[in-house]
Amino acid sequence: MGVLIKDPTMFVGVVEGFPRQKLEMDRSYVCHVVGRVNSRGLWLGDDPLTFSLPLLMLQLSLISIITRSIHTLLKPFGQPLIVSQILGGLILGPSILGHNSTFAAKIFPLKGRTVIETLSVFGFMLFIFLIGVKMDPSMVLKSSRKALAIGIMGFFVPYALAGIVATILSHYLSLDHDIASVLPFIAAMLSMTGFPVIACFLAELKILNSEIGRMPLRDAFSLALIMNSKGIVELAMLNDMKKSSVVNEECFSLLIISVVVVTGVISPLVKALYDPSRRYLAYKRRTIFHNKKNEQLHLLACIHSQDNVQAIVNLLEASNPTKESPINLVVLHLVKLAGRSTSQLIAHHPCERPSLGPSQSERIFNVFQKLEQQNHGIVSVHCFKAISPFATMHNDVCSIALEKRTTFIIIPFHKQCRFGELGESPYASRHLNRNVLDKAPCSVGILIDSGKRKKSRSMTEKPAEYQVAVLFFGGPDDREALAYARRMSEHPLVSVTLLHFSALTTDIVGGTARSKMLDAEILSKFRINILQNERVSYQEEVVRDGLGVLSVTRSIECMYDLVMVGRRHTDSQFMSELRKSNEREELGTIGEILAASDLKDGASVLVVQQQTRVWGMHDPEDSTHLRRISL
């Protein structure tokens, strides 16, 4: 309780209004002088620390500086912020700096503590609200609600049971109260260290690891550790226990130390055991190479802005949707999150009447919905808008790709236009592309748009063919690109040319004998396809060195609408000669060469990477013998 005083001289009268005995017994009364909020400054003779606002600013500054300094030192060791915050409070508290009576009286006086404690209550409320907003049960807890219940009971049940036992022992056995009170303390220590939780959770690991939960033992154990770690909520509960005299100062201090030790040990263990990207692993092959001939093709097209739309539409039209093999398209508009709001994934539902002032997302979605109408029955479109920071935007891409059973992700290689020429890709977009390539549950294609557009023709003119070239060096990515081109070749307005690079004396790319056998098999089937389709052609390009590869790739830049190539090629002498020190990792060696062209009328480029992550497979090529494409 506080007593507000407008005039310091009135203090005597206020004190006289209260019984002296009550004031001496109840020390919870704090005297505040209304109006002493802000100081005029040292130059005018004021002591800023006797005013509320300067004192609060100093306290917050000290807390921030010490906490952040400790966190900077501990972060390389995998320690969370909560550990640094507890250690910061330990330094500022009565154990170290607060042990000095002058420091405590000047920096953290009783009247100053009431202000900062009140502020902390509001901060705690906002923190809990933020946790509630950000909590997404569909990620981890969706498949482990039982584990969550066990985790909650693992903290409260042992403490409650020990408290009951202590009460019974002290009442019926006349046990000394000090000895009996040790039992709840031991139970609380066990709860804080998480031993009951781990014991209960180990019994459920088998359930989580079965076909029921399909959670690997490693991930289940990591989840058990995560649920044993403690945070702000547990600290607030312990603080209330201390204020309510449930635990004394010594017990409270030991519990706080146990929180620091347990959380400090668990955090680096979880980081070592748990890989968050594993949740995007698919349980089967999701590639165009493994897609059956008359099976629906699931595509995910990522859009940054309207500049990306036309190139993706051209690619989709060339992908040959048919009644036997329709295309299920998911359009994902990626929007950078502004401010500190929570990331959102919003499904778009078309309006019956067009909007008078459509947003950028609506204009993008309208183009693809028009494509769906023009290809009724063979193309279905589902539109989403993802609003998130670039650092975590790949999570939206990968999660929706996994949920929608996507076979192939198309993501633009974002280039900025400078003075009519294509400039360098921003770092944030490159970071996004690399994360998608690393974590995607399916194959990925990075589309580099040259700006070349289809020329409009009159009704009497013959429709123009879409010219596609495939550069084949060898490896799973090149086989995926060729499988996509094979699908395109069945379109009546698409012609496909395969350029197979080989060398006279050595292998142009490295690789295992199995990989080379698969390359030879797909090339052989493609040659057979030439006899059945006049729009398909094959060229053997024999080169001597890396310069020969450069010469061929640059000679075809203006001959085609689209050039397709694999992203990864096993290291060899040829690739070493072509590789640059400033090569962009997301494009690979050949993709970098094709993207470096500044010609406005050059071909668009699709850099393809076959699915790299399959559940239970160390080598993704292990399953390629299970299903073959028929070219």
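The rules behind each value
- Residues numbered from 1 in each chain as written.
- Predicted model: local features only at pLDDT ≥ 70, side-chain atom pairs only at ≥ 80, totals over all residues.
- Heavy atoms only, no water.
- Helix = DSSP H or I, 4+ residues; strand = E, 2+ residues; numbered from the N terminus.
- Buried < 20%, exposed > 50% of the residue type's maximum accessible area, 1.4 Å probe, protein only.
- Contact = heavy atoms within 4.5 Å.
- Areas by Shrake-Rupley, 256 points an atom, 1.4 Å probe, with all protein chains shown as cover.
- Disulfide = S-S within 2.5 Å.
- 1 Å grid on protein atoms, 1.4 Å probe; cavity = no way out; pocket = protein on both sides within 12 Å on 5 of 7 lines; lining within 4 Å.
- Points joined across faces, edges and corners; volume = space filled by probe spheres on them.
- Nonpolar A, V, L, I, M, F, W, Y, C, P; charged D, E, K, R; others polar.
- Polar contact = N/O pair within 3.5 Å; in protein donor to acceptor, adjacent residues only side chain to side chain.
- Salt bridge = Lys/Arg side-chain N within 4 Å of Asp/Glu carboxyl O.
- Patch = residues over 30% accessible without salt bridge, like charges linked within 9 Å, V, L, I, M, F, W, Y side chains within 5 Å.
- Axes fitted to C-alpha atoms, helices over the stretch in contact; angles between N-to-C directions.
- Parallel < 35°, antiparallel > 145°, perpendicular 65-115°, else oblique.
- Left-handed = near helix turned anticlockwise from the far one by under 90°.
- Phe/Tyr/Trp six-rings, centres within 6.5 Å; stacked < 30°, edge-to-face > 60°.
- Lys NZ or Arg CZ within 6 Å of the ring centre and 35° of its normal.
- Core = buried A, V, L, I, M, F, W, Y, C linked by side-chain atoms within 4.5 Å.
- pLDDT = per-residue confidence, 0-100.
- Pairing = 2+ DSSP bridges.

## Some details on the overall build of the protein
Phase 1: A count of helical and extended segments in the protein gives 22 helices and 15 strands.
Phase 2: Here the protein, with 631 residues, has 44% of them falling under the buried criterion.
Phase 3: Sequence separation of 24 or more characterises 78% of the internal contacts of the protein that already satisfy a separation of 6 or more.
Phase 4: Summed over its atoms, the accessible surface of the protein is roughly 34,300 Å², and 60% of this surface lies on carbon and sulfur atoms.

## So, the environment of Asn328
Phase 1: With respect to the helices and strands, the residue Asn328 is situated in strand S4 (residues 327-336).
Phase 2: Overall, the relative accessible area of 14% leaves Asn328 in the buried class.

## Remarks on the state of the cysteines
Phase 1: If you walk through the whole model with that rule in mind, you get zero disulfides.
Phase 2: There is no disulfide at Cys302, and the cysteine sulfur nearest it, in Cys398, is 8.9 Å away.
Phase 3: In this structure Cys302 comes out as buried when scored by relative accessible area, which is 0%.

## Some thoughts on the environment of Cys251
Phase 1: Considering the arrangement of structural elements, one finds Cys251 in helix H13 (residues 249-273).
Phase 2: Look at Cys251 and you get buried, because its relative accessible area is 11%.
Phase 3: When the C-alpha positions of Cys251 and Leu238 are compared, they lie 10.0 Å apart, and in sequence the two are 13 residues distant.

## Looking at the layout of surface pockets
Phase 1: In this model, the second largest pocket occupies a volume close to 2,500 Å³.
Phase 2: What lines the second largest pocket is a set of 45 residues, and nearest its centre among them are Ile63, Gly89, Glu117, Ser120 and Asn239.
Phase 3: Only helix H3 (52-74), helix H4 (81-92), helix H5 (101-107), helix H6 (110-134), helix H12 (232-243) and H13 provide two or more residues apiece to the lining of the second largest pocket.
Phase 4: A per-element tally of the lining of the second largest pocket places H6 first, with eleven residues.
Phase 5: Broken down by class, the residue content of the lining of the second largest pocket amounts to 24 nonpolar, 14 polar and seven charged.

## Quick look at the side chain of Ser495
Phase 1: By the secondary structure assignment, Ser495 is in strand S12 (residues 494-503).
Phase 2: The exposure class assigned to Ser495 is buried, which follows from its relative accessible area of 7%.
Phase 3: Among the polar contacts listed, one links the side chain of Ser495 to the side chain of Gln467, at a separation of 2.6 Å.
Phase 4: Look past the residues within four positions of Ser495 in its chain and what remains in contact with it is Glu465, Tyr466, Gln467, Val468 and Arg535.

## Quick word on the pattern of salt bridges
Phase 1: Per the stated rule, a full pass over the model turns up six salt bridges.
Phase 2: A salt bridge links Glu586 to Arg430; the nearest nitrogen and oxygen atoms lie 3.3 Å apart. Of the two residues, Glu586 sits in the loop between helix H21 (573-578) and helix H22 (588-595) while Arg430 sits in helix H17 (residues 427-439), which places them 156 residues apart along the sequence.
Phase 3: Among the residues examined, Glu586 registers a relative accessible area of 0% and is labelled buried.
Phase 4: For Lys525, the salt bridge identified is with Glu521, shortest N-O distance 3.6 Å. Highlighted residues: Lys525 and Glu521, both in helix H19 (residues 513-532), separated by four residues, approximately one helical turn.

## Digging into unusual backbone geometry
Phase 1: Its identity as a non-glycine residue notwithstanding, Asn320 has a phi of 60°, on the positive side.
Phase 2: Relative to the elements of secondary structure, Asn320 occurs in the loop between helix H14 (309-318) and S4.
Phase 3: We note that Arg405 has phi near 55°; this positive angle belongs to a residue other than glycine.

## Remarks on a nonpolar patch on the surface
Phase 1: A cluster of nonpolar side chains, Val37, Leu53, Met57, Leu60, Ile63 and Leu119, forms an exposed patch at the surface whose accessible area comes to about 450 Å².
Phase 2: Element by element, the count of residues in the nonpolar patch is highest for H3, at four residues.
Phase 3: Tracing the chain through its elements places Leu60 in helix H3.
Phase 4: By relative accessible area, Leu60 is classed as partly exposed at 31%.

## Focus: the packing of H12 against H13
Phase 1: Look at H12 against H13: their axes get within 10 Å of each other, and the N-to-C directions meet at 175°. Taken together, H12 and H13 sit at an angle that is classed as roughly antiparallel. Contacts between H12 and H13 involve Leu235, Leu238, Asn239 and Lys242 from the former and Glu249, Phe252, Leu255, Ile256 and Val259 from the latter.
Phase 2: Grouping the amino acids of the contact of H12 with H13 by side-chain chemistry returns six nonpolar, one polar and two charged.

## So, the packing of helix H16 (residues 393-403) against H17
Phase 1: At their nearest, the axes of H16 and H17 sit 9 Å apart, and the two run at 35° to each other. With respect to the hand of their crossing, H16 and H17 are arranged in right-handed fashion. Along its contact with H16, which presents Met393, His394, Val397 and Cys398, the element H17 presents Leu432, Asn435, Val436 and Lys439.
Phase 2: When its residues are assigned to classes, the contact of H16 with H17 shows five nonpolar, two polar and one charged.

## Examining the packing of aromatic side chains
Phase 1: By the definition in use, this model includes three aromatic pairs.
Phase 2: Judged by centre distance (6.3 Å) and plane angle (55°), the ring pair of Phe103 and Phe108 falls under tilted.
Phase 3: According to the relative accessible area criterion, Phe108 is buried, its value standing at 14%.
Phase 4: Ring centres of Phe473 and Phe501 lie 4.4 Å apart, and the angle between their planes is 10°; this geometry places the pair in the stacked category. Residue Phe473 is found in the loop between strand S11 (466-472) and helix H18 (476-488), and its partner Phe501 is found in strand S12; the two are separated by 28 residues along the sequence. With respect to burial, Phe473 and Phe501 carry one shared label: buried.
Phase 5: Over the face of the ring belonging to Phe252 we find Lys242, whose NZ or CZ atom lies 4.7 Å from the ring centre.

## Topic: the nonpolar core
Phase 1: Among the nonpolar cores identified, the biggest contains 50 residues, and Leu300, Ile409, Leu471, Phe473, Phe501, Val549 and Ile590 are the most heavily contacted of them.
Phase 2: If near-sequence neighbours (up to four positions away) are discounted, Phe473 is found in contact with Asp478, Phe501, Ile508, Val509, Val549, Val565, His569, Met575 and Ile590.
Phase 3: Counting residues in each nonpolar core, the second largest holds 48 residues, with Leu297, Ala301, Val381 and Phe408 among its members.

## Brief notes about the confidence of the model for the protein
Phase 1: A residue-level look at the protein finds 71% of positions with pLDDT of 70 or above and a mean pLDDT of 76.
Phase 2: Taken together, the stretch residues 417-424 has pLDDT below 50 and engages in 14 contacts with residues farther than four places along the chain or on a different chain.
Phase 3: Here residues 624-631 is modelled with pLDDT under 50, and outside its nearest four sequence neighbours on either side it reaches 26 contacts, counting other chains as well.

## Remarks on the sheet that holds strand S6 (residues 379-388)
Phase 1: Overall, mixed pairing links the eleven strands, which are arranged S5-S6-S4-S3-S7-S10-S15-S14-S11-S12-S13 in an open sheet. The open sheet terminates on both sides in strands that have one partner only, identified here as strand S5 (344-347) and strand S13 (536-543). Strand-to-strand twist of the sheet, defined as the mean angle between neighbouring strand axes without regard to direction, takes the value 20°.
Phase 2: Running over the sheet, H19 touches S11, S12 and S13 and is turned about 135° from S13.
Phase 3: Across the sheet, H22 lies against strand S10 (443-448), S11, strand S14 (562-566) and strand S15 (604-609), angled at about 155° from S14, the strand it touches most.

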